[in-house]
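Secondary and tertiary structure notes
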Amino acid sequence: MTEPPPFHVLAKPRGAICDLACAYCYYLDKEALYPGSLFRMTDALLERYIVQTFAASHTPVVTFAWQGGEPTLAGLAFFERAVALQERHRPAGVAVANTLQTNAVSLDDDWCRFIREHDFLVGVSLDGPEHLHDAYRVDKAGRPTFKRVLAGLERLGRHGVEANILTTLHAANVLYPLEVYRFLRDTLGARYLQFIPIVERVGAEGVSARSITAGQYGAFLIAVFDEWLRHDLGRVFVQIFDVALAVWYGQPAGLCIFEETCGRALALEHTGDLYSCDHFVDPAHRLGRIDERDLIELVADPRQTAFGQAKRDALPRYCRECEVRFMCNGGCPKDRFALTPTGEPGLNVLCAGYRAFFNHTDGPMRRMAAALRRQDA
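Throughout what follows, the structure given in this document is the object of discussion. Not measured: the values here are computed from a predicted model.

Summed over the entire model, instances satisfying the criterion amount to 27 aromatic pairs. Both rings, one in Phe195 and one in Phe220, keep their centres 5.1 Å apart while their planes meet at 70°; by these two values the pair is edge-to-face. Taken together, the residues Phe195 in strand S6 (residues 192-197) and Phe220 in helix H7 (residues 214-231) connect sequence positions 25 residues apart. Side by side, Phe195 and Phe220 carry an identical accessibility label, which is buried. Their ring planes at 25° and their centres at 5.8 Å tell us that Phe241 and Phe357 sit as a pair that is stacked. Taken together, the positions of Phe241 in helix H8 (residues 239-248) and Phe357 in helix H13 (residues 351-360) put the pair 116 residues apart, joining distant regions of the chain. An identical accessibility class is assigned to Phe241 and Phe357; each is buried. A connected cluster of aromatic rings, assembled from ring pairs, spans Tyr49, Phe54, Phe64, Trp66, Phe78, Phe79, Trp111, Phe114 and Phe120. Above the face of the Tyr27 ring, Lys12 is positioned so that its terminal group lies 3.9 Å from the ring centre.

Encoded structure:
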């Protein structure tokens, strides 16, 4: 069998189950796909997933990414079994990495010790200072969560764990780029940041009131970039800035939304169902179950290949002729439901924001890339 291209899987040991009820969460409603389920990955399936991942991967470091819902709800014992199974089945000469995306509200000292001992890379979701974070990130009773997230972050810090901060951009915080950035940088001392735009589709071309506009997104990124360039180059790392610099330097983007094709970031549900993408967990994009077909077969399935290539092949002419196409490549397919100025379908609703940001950063990125080339010469 032909080996599949490099890929990674977002494993969801408890599916869509979460102890929060963030208003903009795109994954909570996936619970409806599995009526009557206990929403727990079995030990047998966990072992099968680990064995098949090693078999399908041909890299010196194999990464296991744990997401949800809220993955920590699987329990610490589940993850202790996971690392034991990874060590048992790890091929000679292969290293293992684990990543965990969490809301941090359930992290106690035992969790933090485990994370530290096994060197998990932890991402924590936090949307800025308290009044902005609590606008949409609430629990099942509608109560604010900021103080509990902050307590989890502080506990991680006491155990020597540095967390990446994932900040979603929505109607409540997108107008305050410097307040958000400076809070993350100065108050939290965060050095690794991601800004994820909220786009909730309503009807054919509309979006929800919580969603951000393209103009707001571009203005947010530009304001943060200018602040970062003046004060934080080399000491704070913002994902979209790192990705842009990589492309200017001649490297792959390394982030699926900016690659020419996609389909290499799949989602594994607690049942063993494998889906084309975390944003396309639906019956039409279910590739099969890893207890019925090996992971390597599912990743190489022609349907998955077609899914990934459709990102490039369906790109409107307006995008193909764009001056920043080499950087953007149309963005994430989930957001490509607007019309171009000439009436073509398939334009990313955030297009104007991406275009403004990538043009604004053109000069600085060129200079930074040139400096890196001189350094490497």
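For the rest of this paragraph, the subject is empty space enclosed by the protein. A full pass over the atoms with the stated rule returns one cavity of 30 Å³ or more. Along the wall of the largest cavity there are 13 residues; nearest its centre are Cys319, Cys322, Cys328, Gly330 and Cys351. Sorting the residues of the lining of the largest cavity by element identifies helix H11 (317-320), helix H12 (325-328) and H13 as the ones contributing at least two each. It is H13 that contributes the most residues to the lining of the largest cavity, three residues altogether. Across the lining of the largest cavity, the residue classes break down as eight nonpolar, three polar and two charged.

Cut-off values and rules
Residue numbers run consecutively from 1 along every chain, following the written order of its sequence. With pLDDT at 70 or above as the cut-off, local features in this predicted model cover only qualifying residues; side-chain atom pairs require 80 or more to be listed or tallied, and sums for whole chains, interfaces and linings still use all residues. Derived side-chain values reflect all non-hydrogen atoms in the structure, with water molecules and hydrogen atoms excluded from consideration. To pair, rings of Phe, Tyr and Trp, with the six-membered ring standing in for Trp, must have centres within 6.5 Å; the planes then decide the type, stacked if under 30 degrees apart, edge-to-face if over 60, and tilted in the middle. What counts as a helix is a DSSP run of H or I of at least four residues, what counts as a strand is a run of E of at least two, and both are numbered from the N terminus. A simple rule labels every residue: compare its accessible area, found with a 1.4 Å probe on the protein chains alone, to the largest value its type can have, and call it buried under 20%, exposed over 50%, or partly exposed in between. Here, over-ring charges are defined by two tests on the NZ atom of lysine or the CZ atom of arginine: distance to the ring centre within 6 Å, and angle to the ring normal within 35 degrees. Definitions used for this entry: grid spacing 1 Å over protein atoms alone; cavity, a set of points where a 1.4 Å probe fits but cannot get out; pocket, an open set with protein on both sides within 12 Å along at least 5 of 7 lines; lining residue, one with an atom within 4 Å of a point. Grid points are joined across faces, edges and corners, and a volume is the space filled by probe spheres set on the points. Following the grouping adopted for this structure description, the nonpolar residues are Ala, Val, Leu, Ile, Met, Phe, Trp, Tyr, Cys and Pro, the charged ones are Asp, Glu, Lys and Arg, and the polar ones are all others, Gly among them.

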